[in-house]
Amino acid sequence: NAGVTQTPKFRILKIGQSMTLQCAQDMNHNYMYWYRQDPGMGLKLIYYSVGAGITDKGEVPNGYNVSRSTTEDFPLRLELAAPSQTSVYFCASSYPSLWTEAFFGQGTRLTVV
Amino acid sequence: EDKVVQSPLSLVVHEGDTVTLNCSYEVTNFRSLLWYKQEKKAPTFLFMLTSSGIEKKSGRLSSILDKKELFSILNITATQTGDSAVYLCAVELGETSGSRLTFGEGTQLTVNP
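All values derive from a computational prediction rather than experimental measurement.

So, how was this worked out
- Residues numbered from 1 in each chain as written.
- Chains lettered and ligands numbered in written order.
- Predicted model: local features only at pLDDT ≥ 70, side-chain atom pairs only at ≥ 80, totals over all residues.
- Heavy atoms only, no water.
- Pairing = 2+ DSSP bridges.
- Helix = DSSP H or I, 4+ residues; strand = E, 2+ residues; numbered from the N terminus.
- Axes fitted to C-alpha atoms, helices over the stretch in contact; angles between N-to-C directions.
- Buried < 20%, exposed > 50% of the residue type's maximum accessible area, 1.4 Å probe, protein only.
- Contact = heavy atoms within 4.5 Å.
- Buried area = accessible area lost by both parts, 1.4 Å probe.
- Salt bridge = Lys/Arg side-chain N within 4 Å of Asp/Glu carboxyl O.
- Polar contact = N/O pair within 3.5 Å; in protein donor to acceptor, adjacent residues only side chain to side chain.
- Nonpolar A, V, L, I, M, F, W, Y, C, P; charged D, E, K, R; others polar.
- Core = buried A, V, L, I, M, F, W, Y, C linked by side-chain atoms within 4.5 Å.

**Examining the sheet that holds strand 3 (residues 19-26) of chain B**
All names here are of chain B.
So, point 1. Spatially, 1-3-8-7-6 is the arrangement adopted by the 5 strands of the open sheet, whose pairing is antiparallel. Both outer strands of the open sheet, strand 1 (3-7) and strand 6 (56-58), are each paired with one neighbouring strand and no more. Each adjacent strand pair in this sheet contributes to an overall mean axis angle of 15°, direction not counted.
So, point 2. Where strand 6 meets strand 7 (residues 61-66), 3 bridges bridge the pair, whose relative direction is antiparallel. Pairing of K56 across the sheet is with S63, part of strand 7.

Have a look at this one:
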């Protein structure tokens with residue numbers, strides 16, 4: 001089992017560019033989440049999904065979009081990147097509400113210049 | 001607005017010291033409180049607490065929850081350099097469609113030899 005796989009690990013974007021952060025899990029988890037972590041801060045929830053075809057906004061959704069067409073994949077789309085989106089992005093997955101069994105990806109470090 | 005506040009934000013100690021990390025919360029629909037350890041990359045799960053007054057223990061780490069006063073503490077005894085990390089407190093919030101986590105800012109613990 002690979003667990004939660006995030007790609008890319010690092011990326012530098014110019015202001016106004018777009019990109020998609022990929023997240024895939026092979027554990028058949030229903031729940032998937034995207035967090036961002038700014039330096040010295042905790043994790044803030046961007047979007048989450050409780051199953052294929054269902055997504056919901058978290059605390060900081062502005063500037064991002066998600067889709068969940070399959071159980072395995074939960075890509076995060078950044079349109080018109082801004083310096084404020086410079087952060088480390090973590091994807092996580094779990095069975096419904098079983099946070100003791102939650103798995104986090106290794107993170108994507110994004111810099112917008 | 002749901003809030004999770006950790007203190008102190010950073011702490012520097014010597015090997016062998018005992019440390020206490022604090023987490024207080026003001027949230028609606030509390031379900032559980034979780035502690036994670038983050039060393040450079042993805043957070044790893046430490047404890048999940050749902051009931052007041054019941055201590056969870058794992059080696060030199062222990063944690064307890066007070067649901068009346070809305071806080072939790074994480075204790076680490078006989079600290080080692082390998083304990084150096086960011087310790088994240090998260091509260092699980094119940095939602096109509098499931099649950100999500102709200103994180104505190106974390107406590108950066110540095111253990112010097």
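**Observations regarding the pairing of strand 1 of chain B**
Residue and element names in this part refer to chain B.
So, point 1. Across the two faces of strand 1 the burial differs, with V4 and Q6 buried and K3, V5 and S7 not buried at all.
So, point 2. Where strand 1 lies against strand 3, 5 bridges are found, and the strand directions are antiparallel. Bridging across to strand 3, V4 finds its partner in Y25.

**So, the interface of chain B and chain A**
So, point 1. Facing 21 residues of chain B, the contacting portion of chain A comprises 21 residues.
So, point 2. Summing both partners gives a buried area of about 1,800 Å² for chain B against chain A, and 57% of it is carried by carbon and sulfur.
So, point 3. For the pair chain B and chain A, the number of links is 0 salt bridges.
So, point 4. Counting across the interface, chain B meets chain A through 2 residue pairs in polar contact (both at pLDDT 80 or more).
So, point 5. A breakdown of the residues in the side of chain B that touches chain A according to their chemical character gives 9 nonpolar, 6 polar and 6 charged.

**Some thoughts on the nonpolar core**
Nonpolar side chains tend to gather and get buried jointly when the protein is soluble and globular.
So, point 1. In this structure, A:Y33, A:Y35, A:W99, A:F104, B:Y36, B:L101 and B:F103 are the most contacted members of the largest nonpolar core, which totals 22 residues.
So, point 2. Among the elements of the structure, strand 4 (31-37), strand 5 (43-51) and strand 9 (87-94) of chain A together with strand 4 (30-38), strand 9 (85-95) and strand 10 (98-103) of chain B are those that each provide at least two residues to this core.
So, point 3. In terms of residue count, strand 5 of chain A provides more of this core than any other element does, 4 residues in total.
So, point 4. With near-sequence residues (within four places) excluded, A:W99 lies in contact with A:Y33, A:Y35, B:L34, B:Y36, B:F45, B:E92, B:S99, B:R100 and B:L101.
So, point 5. In this structure, B:V4, B:W35, B:Y87 and B:L109 belong to the second largest nonpolar core, which totals 21 residues.

Scope: geometric values only; no functional claims are made or implied.
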